[in-house]
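Residues per chain are reported as follows:
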Amino acid sequence: MTNKFKGLLRILYVVFAFCAALLLGALKGLLVGPIAGLILILGNIGVILGLFPVHVYKAIYTIIKTKRFDAPLKVAILLGLPVLAALWLSLSITASVIVGLGYGFFTPWVSTFEAFRQENEAKKLLHCIVDGTWDTIRDSCTIVRDFADLCIHSYPMYLKGICDCENSDEVQTLKFLHIPAIIIVGLLGIVVEVPLYTAIVIVKSPYMLFKGWQRLTHDLFAREGPFLETACIPVAGLAILFWPIFVAGSIVLAIFTSVVVGLYGSVVVYQEKSFKRGLAYIIAQVAEFDEYTNDWLYLREGTLLPKPRYRKKSVQSSESTVGANRVRGEKSDSVAPEGPSLIIPNIGHSRSVRETIQDVKMVQVWGHMMQTCESRARELIDANVITSNDLCEWLKAKQSHDSPIVGVGLPSYSFLQTLVRSNQVGTNGVILFDDVIVTHENRPQDRLFDWFFQPVLVLKEQIKMLKLDDGELRYLEKVVLFGSNLQRLEAWENGCVVPKDPLRAAQIQGISRRLIGMVRSMSMLPTYRRKYRRMIKVLVSYNIEREGSIKFDSVRSVSSADIV
C-alpha cells in the first residue's frame, strides 16, 4: 500500500512539475520572446535591405565580367535577375519574421523543460527559472551576426570565385533560342509547383499530425525512443504538445521549397537544351514530391501521378555517392538527383537520447576543426612562421582573400595535417582533434555535411595514393600555407624538397588547389567566420604573451650577466 501511495505521489509530482514548467516557459516566452524576436527580425531585415543594392550591383558586375558564361547565358541571367531579386526579398523577409517569432517565443519554453536534465532538484529549479532568458537574447544577436557574415563575406567570396574563373574550358554556353523557353518554364514551374505542393502537403498533414501523436504516445507508454531516459520525459511531453506546430512548419517549408523547385525548371531547360524536358521536369517533380511524402509518412509506396523522364542520361543519386544511410523507400531513380527537399519531422521509430549522442554532431566537427587549427597555429607561431602582423592583418581585412596566409593558408595547412594524420593512423574516416574518428556510420546526419564529407575522403585517398616522402610532404605544407607568396615560400626553411619530376610537382600542386578550394567553400558556411575570428583573437593574445615572456627572459639574462 505504501509503494502504491509513493507511486501516486510521484505521478502527481511529475504532473505538477510539467504544468508548472509549461506555465513558467510560457511566461518567459511572453517576456523574452518579443525582445529576442525583434532583435532577430529587425537585425536580419536590416541586413537584407541594407545590403540589397550592393548585392544586386555585385551580381550584375560579376555576370558581366565573368568569362564562365557566354553572351546569351549572361543575357538570360540578367533577364531573370529581377525575378530572383524579388523572390530573395520576399522569401528572406518572410523567413526572418517566422524564424524570429518561433525562436523568440519557443526557445525559452524548450529551455525550461531542458532544465529537467539537471542532477538535483535545486539545479532543476534554478535552471527552469534562468535558462532561456538572457541566453535567448544573446543567441538572437549571434544569429544576426552569422547571417550578416554570410551576406557580407560569403556572398562576395562566392561571386569572386565566379568572376575570377579564366579557364576557357569551363565556359558555359547558351543559345538565344532557348532564352524564351527558360523564362516560360521558370514561370510555369512556380505557377504549377506552388499550388500542387501546397495541396499535397495540406491533404496529408492530418495524417502526419495523428500519426506523429500516435508514435510519440506509443513511445511514452512503452518507454522507448526519446522517453527511454526519465529526465527526457518532460521534453518529449512538450514535443507532443508542440507537434501541431511542427506540422504547420512543414506546410510552410513545403511552400517555400516549391518556389525553388519550380525555378529549377529553368536550369533543366538550360542543361538539357529542351523546352519539352523542362515541362517534363515540372510534371515529374510533383510526382516525386508525392512519393517523397508517402515514404516519410509510411503510406503506400510510389505514386499514382505521372513521372516522365526529363534527363537524357541517367544520373546517379548523390545519396549513393556519399554512402549515406538511405531512408525508407528512397530509390536511386534516374529521374531526379535534385528532388524536392522537404524537411518533415521523422515519425518512424525513434532513437533514445543515449543512442543519439553516440553520433558525432556537426557542432563537434566545427569545434574540433577550430581546436586543431588553433593547435597548428600555435606551432607555427612558436616557429616564427606566422607573425602577429599576419594575424592582425586578417582581423583588419574586409575579406579573407585580402589576407590569404591566415584567411586561407592556415586552415588549409591544419586541414592537410588532419588528413595526413588520418592516413597515418589507417582509419577509413577522418580523425578529429581528440582522436574521435568520423566515418560514414557516425557522421552528422546532415545533407550539407555529406556534400563535403565525401570529397574530403576522396582527397584523403588521393594524398594516400601519392605516397609522399617527408620532403614532398613539407613542400606540400609550404605551398598550402603560403600559396603564391614567393617571398614567404623562400623564407620558410622547413626541409622541403621540390620534386624534380614535373608530373609529380603538378600532382602536389593539384592536391593543394583542391585542398584550398575545400577550405574556401567551408569558410562560406554559417558560424565559420565568427568562430574563426574568435580563434584568431586567442592566437593574438597568445602571441603577445609569448613575445612578452621572451623579452622578459632576455632582459633577465642580460641583468644576470651584468651582475656577474
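All figures in this text were calculated on a predicted structure; none of them were measured in a lab. (Residues numbered from 1 in each chain as written. Predicted model: local features only at pLDDT ≥ 70, side-chain atom pairs only at ≥ 80, totals over all residues. Heavy atoms only, no water.)

## A few points about the overall build of the protein
Put simply, the rule is: The way it works is that DSSP assigns letters per residue, a run of H or I at least four long becomes a helix, a run of E at least two long becomes a strand, and they are numbered from the N terminus. Throughout this description, buried means an accessible area under 20% of the type-specific maximum (1.4 Å probe, protein chains only), exposed means over 50%, and partly exposed covers the range between. Contacts are assigned to residue pairs with any non-hydrogen atoms lying within 4.5 Å of each other. Working definition of accessibility: Shrake-Rupley area with a 1.4 Å probe, residue cover restricted to the visible protein chains.
The helix and strand tally for the protein stands at 17 helices and two strands. Out of the 564 residues in the protein, the part that is buried amounts to 44%. Considering only contacts in the protein between residues 6 or more positions apart, those separated by 24 or more positions represent 79%. Surface accessibility of the protein: about 29900 Å² in total, with carbon and sulfur atoms responsible for 66%.

## Comments concerning the environment of aspartate 164
Along the chain, aspartate 164 turns up in the loop between helix 4 (134–163) and helix 5 (179–222). Take aspartate 164: its relative accessible area is 41%, and that puts it in the partly exposed class. Along the sequence, aspartate 164 and threonine 66 sit 98 residues apart, while their C-alpha atoms lie 6.9 Å from each other.

## Focus on the packing of aromatic side chains
Here is the rule: Centres within 6.5 Å are what make two rings of Phe, Tyr or Trp a pair, Trp counting through its six-membered ring; a difference in plane orientation under 30 degrees is then read as stacked, over 60 as edge-to-face, and the rest as tilted.
Across all of its chains, the model carries 14 aromatic pairs by this definition. Ring geometry for phenylalanine 106 and phenylalanine 242: centres 5.2 Å apart, planes at 75 degrees, overall edge-to-face. Taken together, the residues phenylalanine 106 in helix 2 (residues 71–114) and phenylalanine 242 in helix 6 (residues 233–272) connect sequence positions 136 residues apart. Taking the relative accessible area as the measure of exposure, phenylalanine 106 reaches 27% and is therefore partly exposed. Aromatic pair tyrosine 264 and tyrosine 281: ring centres 5.9 Å apart, planes at 45 degrees, arrangement tilted.

## Things to note about helix 7 (residues 275–296)
What counts, and what does not: The length a helix should cover is 1.5 Å for every residue beyond the first.
With 22 residues, helix 7 extends 32 Å between its outermost C-alpha atoms, agreeing within 8% with the 32 Å of an ideal straight helix rising 1.5 Å per residue. Of all 22 residues making up helix 7, 16 are buried, and the element is well covered by its neighbours. Tyrosine 298, located one to two residues past helix 7, shows a positive phi value of around 60 degrees.

## Re the nonpolar core
Applicable threshold: Each nonpolar core is a collection of buried residues, namely Ala, Val, Leu, Ile, Met, Phe, Trp, Tyr and Cys, held together in the definition by side-chain atoms within 4.5 Å.
Leu410, Tyr532 and Ile536 are the most contacted members of the largest nonpolar core, which has 54 residues in total. Residues within four places of isoleucine 536 in sequence aside, it is in contact with Leu391, Trp394, Leu395, Val406 and Leu410. Among the nonpolar cores identified, the runner-up in size contains 25 residues, and Leu174, Ile200, Val268 and Ala280 belong to it.

## Digging into unusual backbone geometry
The general pattern is negative phi for most residues beyond glycine and trans for most peptide bonds. Phi angles above zero are rare outside glycine, and lysine 273 is one such case at about 55 degrees. Considering the arrangement of structural elements, one finds lysine 273 in the loop between helix 6 and helix 7. A relative accessible area of 35% places lysine 273 in the partly exposed class.

## Considering helix 14 (residues 470–482)
Between its first and last C-alpha, helix 14 extends 18 Å over 13 residues, near the 18 Å set by a 1.5 Å rise per residue. Those residues of helix 14 not exposed but buried are Gly471, Glu472, Leu473, Tyr475, Leu476, Glu477, Lys478, Val479, Val480, Leu481 and Phe482. One or two positions beyond helix 14, positive phi appears at glycine 483, with a value near 60 degrees.

## Side note on a nonpolar patch on the surface
To keep it simple, the criterion reads: Exposure above 30% relative accessible area and the lack of any salt bridge qualify a residue for a patch; like charges then connect within 9 Å, and the nonpolar side chains Val, Leu, Ile, Met, Phe, Trp and Tyr within 5 Å. Whenever a carboxyl oxygen of Asp or Glu lies within 4 Å of a side-chain nitrogen of Lys or Arg, that contact is scored as a salt bridge.
On the surface, Val75, Leu79, Phe176, Ile183 and Leu187 cluster together into a nonpolar patch covering about 450 Å² of accessible area. The set of elements that each furnish at least two residues to the nonpolar patch consists of helix 2 and helix 5. By the secondary structure assignment, phenylalanine 176 is in the loop between helix 4 and helix 5.

## Structural notes on the packing of helix 14 against helix 16 (residues 502–522)
Helix packing for two helices is described by the angle between their axes and how far apart those axes are. Heads up, the condition is: Axis definition: a line fitted to C-alpha atoms, over the contacting stretch in the case of helices. Angles run 0 to 180 degrees between N-to-C directions. Here the angle decides the label: under 35 degrees means roughly parallel, over 145 means roughly antiparallel, 65 to 115 means roughly perpendicular, and every other value means oblique. Working rule for handedness: look at the near helix, and if it is turned counterclockwise from the far one by less than a right angle, call the crossing left-handed; if clockwise, right-handed. Residues are sorted three ways: Asp, Glu, Lys and Arg are charged, Ala, Val, Leu, Ile, Met, Phe, Trp, Tyr, Cys and Pro are nonpolar, and all the rest, Gly among them, are polar.
At a minimum axis separation of 10 Å, helix 14 and helix 16 run at an interaxial angle of 45 degrees. Judged by the inter-axis angle, helix 14 sits oblique to helix 16. Relative to helix 16, the crossing made by helix 14 is right-handed. Where helix 14 abuts helix 16, its residues Glu472, Tyr475, Leu476, Val479 and Val480 lie against Arg504, Ile508, Gln509, Ile511, Ser512, Leu515 and Ile516. Taken together, the residues of the contact of helix 14 with helix 16 sort by class into eight nonpolar, two polar and two charged.

## Here we look at the side chain of lysine 460
Among the structural elements, lysine 460 can be located in helix 13 (residues 447–466). The exposure class of lysine 460 is buried, given its relative accessible area of 1%. When sequence neighbours within four positions are dropped, the list of residues in contact with lysine 460 reads Leu419, Ser422, Asn423, Thr427, Asn428 and Gly429.

## Considering the environment of threonine 527
When you line up the elements, threonine 527 lands in the loop between helix 16 and helix 17 (528–563). Measuring from C-alpha to C-alpha, the distance between threonine 527 and aspartate 149 comes to 8.1 Å, with 378 residues separating the pair along the chain. Setting aside chain neighbours within four positions, we find threonine 527 in contact with Asp146 and Trp366.

## Regarding the pattern of salt bridges
Applying the stated criterion across every chain, the model contains 13 salt bridges. Its salt-bridge partner being lysine 204, residue aspartate 290 comes within 2.6 Å of it at the nearest N-O pair. You can see aspartate 290 sitting in helix 7 and its partner lysine 204 sitting in helix 5, a full 86 residues away along the chain. Residue classification places aspartate 290 among the buried positions, given a relative accessible area of 12%. One salt-bridge network, in which partners are shared between bridges, spans Glu288, Glu291 and Lys307.

## What to know about the environment of aspartate 146
What counts here: Side-chain atoms alone can form a polar contact between residues adjacent in sequence; in general such a contact is a pair of N or O atoms within 3.5 Å, and within protein one must be able to donate a hydrogen while the other accepts it.
Looking at where aspartate 146 falls in the secondary structure, it is placed in helix 4. With a relative accessible area of 10%, aspartate 146 lands in the buried category. For the pair aspartate 146 and arginine 529, spaced 383 residues apart in sequence, the C-alpha to C-alpha distance is 7.9 Å. Not counting the four nearest positions on each side in its chain, aspartate 146 is found in contact with Thr527 and Arg530. Reaching out from aspartate 146, the side chain makes a polar contact with the side chain of arginine 530 at a distance of 2.7 Å.

## A look at the packing of helix 12 (residues 404–425) against helix 14
At a closest axis distance of 7 Å, the pairing of helix 12 and helix 14 adopts a crossing angle of 150 degrees. The pairing of helix 12 with helix 14 is recorded here as roughly antiparallel in orientation. Together, Ile405, Gly409, Leu410, Ser412, Tyr413, Leu416, Gln417 and Val420 of helix 12 and Leu473, Leu476, Glu477, Val480, Leu481 and Phe482 of helix 14 make up the contact between the two elements. Per-class residue counts for the contact of helix 12 with helix 14 are 10 nonpolar, three polar and one charged.

## Focus: the confidence of the model for the protein
For clarity, the cut-off: Scored from 0 to 100, pLDDT reflects the predictor's confidence in each residue.
The predicted model of the protein averages 80 in pLDDT, with 82% of residues at 70 or higher. Below pLDDT 50 for its whole length, residues 558–564 participates in zero contacts with residues either more than four positions away or in separate chains.

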